[in-house]
Amino acid sequence: MTVHSDVAHNNKNYLNHETTLWSWLSTVDHKRIGLMYLFTITGFFIVGGLAALTMRMELASSGADFLSPEQYNVLFTLHGAIMIFLFIVPGIPATMGNFLLPLMIGAKDVAFPRLNLLSFYIYVVGAFMALYALLNPIDTGWTFYAPYSMQTQSAVILMTGAAFVLGFSSILTGLNFVVTVHRLRCPGMTWDRLPVFVWGLYATAVIQTLATPVIGMTLLLLIVERWLGVGIFNPAMGGDPVLFEHLFWFYSHPVVYIMVLPAFGVVGEIIPVFSRKPLFGYKMVCYASVAIALVGFLVWAHHMLVAGISDTSAIYFSVITFGVAIPTAIKVFNWVSTMYKGSISFDTPMLYAMGFVFLFMIAGTTGIYLATLAVDVFYHDTYFVVAHFHYTIQGGAVIGLIAALHFWFPKMTGKMYNEPLAKIAFVLVFVGFNLTFLPQFVLGMEGMPRRYFDYLPEFEGLHRLSSYGAVVNGFGYTFALLNLLGAWIFSKKQAPANPYNSLSLEWNTQSPPIHENFEETPSVTDYPYAYGTPVEGGGH
Amino acid sequence: MSSHSHEDHHGELGHIVPFAIYRNVLIGLLVLTVITVWVAKAPSMDFGNLNIAIAMVIASVKASIVALYFMHLKFEDKTTWLYAFFPIMLLVLMMGLIFLDNPFRRADQPVEVNDPLAEQLQQI
Amino acid sequence: MTSVAQTIPGEPPHPHHWTPTNAYHGAKLGMWLFLATEILLFSVLFTAFALYRWAYLGEFHDASLNLDWKLGALNTAVLILSSFTAALAVDAAQRGNNKRVKHLLLFTVMCGGIFLVVKYFEYSHKYHIGLFPGVECPVVEAGALHGSEGHGGGADVAEGGHHLEYCWPKDTSGLSEGQREMLVSSKYKMYFGLYYCMTGLHALHVIIGMLLLSWVCFHASRNRFSEKYYTPVELGALYWHLVDLIWIYLFPLLYLVD
């Protein structure tokens, strides 16, 4: 596949194709839908982030400062539910996936464009339901564990109803993407020539489609319990609250792979480009994506190791969780091997991608700690867990999203962002994030429980450090997003079709793309990672 | 599988199944239903714990012929087969692993503690 | 992107991003994926049922005697027949016979209606004897409830004429300790809670299927379909077959197995 730097550019693109408000609200163009998702989830990221900052302000010193315990419970519920259901689960697939999937496979749109728009509106309805519920307020934590979720006087039915609605959006998007990858690849685009981002999106879409109905039904059962007094999870009525946890985590573990598999794909796209080297072990990276998705269904009760499950199942889940680390480790080895002896340029996307690898290493290894039964007895429900999952979700999925936003910014907007400012923002994000969460590992090891409004004075030093980090982290994200937004609005420089000389198909069309994506249906003859070979660029 | 292959000519979209097959499946389903009821209700056919297994096996035979012939699964491509079977695997997984939990709990049995500190703790 | 309504009868719609043939196969794959999600939805209920049946075998046996297996068998036959006519409707569409499609789909929808009517009779009978979640307990005649003879918590009538064994008062605060204990010890309610969830969710899908097939039937009456285009008929029929499939498992599990 040759690098096309000579793509004809005309001034018509998907952004100015039609410009009325109705043309946006009724669009079935996957690129516009992706943008609409992007603005919406960014808004919720800010809301969830503010909730986190408020909590960290309270936690900066021991003793009650300005929040009551009840308010604190509401805040961590708000933070978790918004970040998970409204931000990171739609996350990369709904935004970058929607925008890029058809472009990367050489198609004009996804399989079911109108269903795509419906998915977006279902998401919006669910999001408003969730916001209304969260402000009403709700204090169960985002996990809605029985029996408290059946007894508490807060808006549980509304919130779980919102999650049910949001689940529908996720299912329909996943379904759409699976059919798209099976049916809409352009001539020559065989499975072994798909970009790894597409493989990641495909594996994610499979999980989205098949795992989400389980949480939908489980939350529906919770609603039926509260509303009609059926006793499925209520121990006072012969029910088993651990059954709720089983059914809840059956989805909620695979969901973390929904969050992070696309981010793996993003990193797999960025590293070869900025190392000018083929992705090491391309086939293994693809198989690893599928393996993670499949094995991810087998490990859910490692979230319940000390919840009262039998020793037999605890041992099984602990051991199999060690297994799920293997395909992820394979990917990490492949990324690092790609960089080895490459010609590396430290553009902002590459900085975020390398940051991802570093942060996810910490995330993955601390996960192994937690999977170890004897260790989990002490670490479960402490700040160790909080630090671990923030390293995976924020250090993983969110960093992946920001990396993607920077990498494909020229493609989406037709502009280039300010590179030095973007690098400064990266440093703030990276330093702030580590400052926030590294101390939390130590806090956890010293016994600080999670979801606690207050703590013993001896924990205060590390908590204060963590709160400082949160401020720096928040500032960094704000800076990065404002930089991108500012470039989009104010920059006058037209971005080339392929500013990084990348080999995948989305760069083989102008920036921003025309409404139909490509002037003519493309065809491919090789996989998109043949960097450093004589074919590339035709004259480098 | 590309989008512009030679499939796009008039006529042959899906497989047309002969009426006889539909009729036979209908008869088979009704017969199997009668058998299910008979095996469950007849006093001579009580296999104790196996009753439910037998009923589920017969139900699965019925489900298979509905899927294969009424739903044309027999004539579908591998991808459709994959997504027809995947959810069943997940159901088996869900049930199987949850049954690794509840039946093996030992809540009613006292746990032996070999903890040298336990005695000291009890004296506190 | 043209909609179904705007295109020529018998001709497939022509969206810009894939050919009609690819659209047909893609739509079918999409529907199979959606059916997969429905299977997983019901999996949760089947799992919960399996677990509690294992835990409360005696009570589940007793409680299941309150279901009328003859009505269940009738409903099974009705759904099987409706599945047959739905398959024939697809066959008719493949041959371009819109009139036959319409008649067969009408018959299928009617079968769904019969199913719901039978279900209504089953539910209302249980409602009258107090076997319904969320309602206050009515007084129950002796002998109206089955299965209580062999097991401890029999069909006692407690103070105030309320039969507490088999129903779900939402508010237990007005009850004495002994009365509440009788409620707590009853595991029959678990059976019926699951029964209503499973059959209720299934009935909801029957309704959705009937609406879907009615919509397809409407288009058949407008001669929308032909040998070249019958995708909605096939998709609607696939959904209906799933409804039948689930009942094929529900019937023996709930009505027959003791």
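Position labels on residues start from 1 in each chain and follow its written sequence. A letter from A marks each chain and a number from 1 marks each ligand, given out in the order of writing. Two thresholds apply to this predicted model, a pLDDT of at least 70 for residue-level local features and 80 or more for giving and counting side-chain atom pairs, whereas whole-chain, interface and lining totals are computed over all residues.

Sorry, what's going on with the interface of chain B and chain C here?
How big an interface is tends to be expressed through the accessible area that disappears when the partners come together. By definition, residues are in contact whenever their C-beta atoms, placed on the basis of the backbone, come within 7 Å of each other. Counting residues at the interface gives 40 residues for chain B, matched by 43 residues for chain C. Comment: elements are numbered from the N terminus, with helices defined as DSSP H or I runs of at least four residues and strands as E runs of at least two. Mapped onto the side of chain B that touches chain C, the elements with two or more residues apiece are α1 (19-41), α2 (50-70) and α3 (78-98) of chain B. The classification used treats Ala, Val, Leu, Ile, Met, Phe, Trp, Tyr, Cys and Pro as nonpolar, Asp, Glu, Lys and Arg as charged, and all other residues, Gly among them, as polar. Grouping the amino acids of the side of chain B that touches chain C by side-chain chemistry returns 26 nonpolar, eleven polar and three charged.

Whenever I open this one, the nonpolar core confuses me. Can you help?
What tends to happen in soluble globular proteins is that the nonpolar side chains get buried as a cluster. Counting residues in each nonpolar core, the largest one holds 277 residues, and the members touching the most others are A:Ala403 and C:Ala89. The greatest single-element share of this core, amounting to 23 residues, is contributed by helix α9 (residues 241-275) of chain A. Reported domain spans reflect what an automatic or database domain assignment gives. Domain assignment of the residues forming this core places at least three in each of domain 1 (15-71) and domain 2 (77-102) of chain B. We define a nonpolar core as a collection of buried residues of the types Ala, Val, Leu, Ile, Met, Phe, Trp, Tyr and Cys that are connected via C-beta atoms lying within 7 Å of each other. Around each residue's C-beta, the other C-beta atoms within 10 Å are counted; 20 or more make the residue buried, 12 or fewer make it exposed, and counts in between make it partly exposed. All C-beta atoms are placed from the backbone.

How should the confidence of the model for chain C be read in this particular structure?
Atomic detail in the predicted coordinates should be set aside for any region of low pLDDT. Residue and element names in this part refer to chain C. The share of residues in chain C with pLDDT of 70 or more is 76%, and the mean pLDDT across the chain is 82. Within the model, the stretch residues 1-5 combines pLDDT values under 50 with eight contacts to residues more than four positions away or in other chains. Confidence scores labelled pLDDT are given residue by residue by the predictor and lie between 0 and 100. Confidence drops under pLDDT 50 across residues 147-166; counting only partners more than four residues distant or on other chains, this segment forms 39 contacts. Quick note on the complex model: pTM equals 0.91, ipTM equals 0.93.

Any chance you could explain the domain arrangement of chain B here in plain terms?
As assigned here, chain B comprises domain 1 (15-71) and domain 2 (77-102). Each of domain 1 of chain B and domain 2 of chain B has a C-alpha centre, and the two are 21 Å apart.

Whenever I open this one, the interface of chain C and chain A confuses me. Can you help?
Counting from both sides, the interface comprises 31 residues of chain C and, opposite them, 34 residues of chain A. Top contributing element to the side of chain C that touches chain A by residue count: helix α1 (residues 20-55) of chain C, with 16 residues. Each residue belonging to the side of chain C that touches chain A can be placed in one class, and the counts come to 18 nonpolar, ten polar and three charged.

How do you make sense of the packing of helix α5 (residues 113-134) of chain A against helix α7 (residues 156-183) of chain A when you look at a structure like this?
Packed helices, taken two at a time, are described by their axes: the angle between them and the distance between them. All names here are of chain A. With axes taken as lines fitted to C-alpha atoms, and helix axes fitted only over the stretch in contact, angles between N-to-C directions fall between 0 and 180 degrees. Two numbers describe how α5 lies on α7: the axes approach to 8 Å, and their chain directions differ by 160 degrees. Of the possible angle classes, the one that applies to α5 and α7 is roughly antiparallel. At the point where α5 passes α7, the crossing takes the left-handed sense. Here the contact of α5 with α7 is composed, by residue class, of 17 nonpolar, seven polar and no charged. Geometric relationships in this document are graded by angle, where less than 35 degrees denotes roughly parallel, more than 145 denotes roughly antiparallel, 65 to 115 denotes roughly perpendicular, and other angles denote oblique. Handedness of a crossing follows from how the near helix is turned relative to the far one, being left-handed for an anticlockwise turn of less than a right angle and right-handed for a clockwise one.

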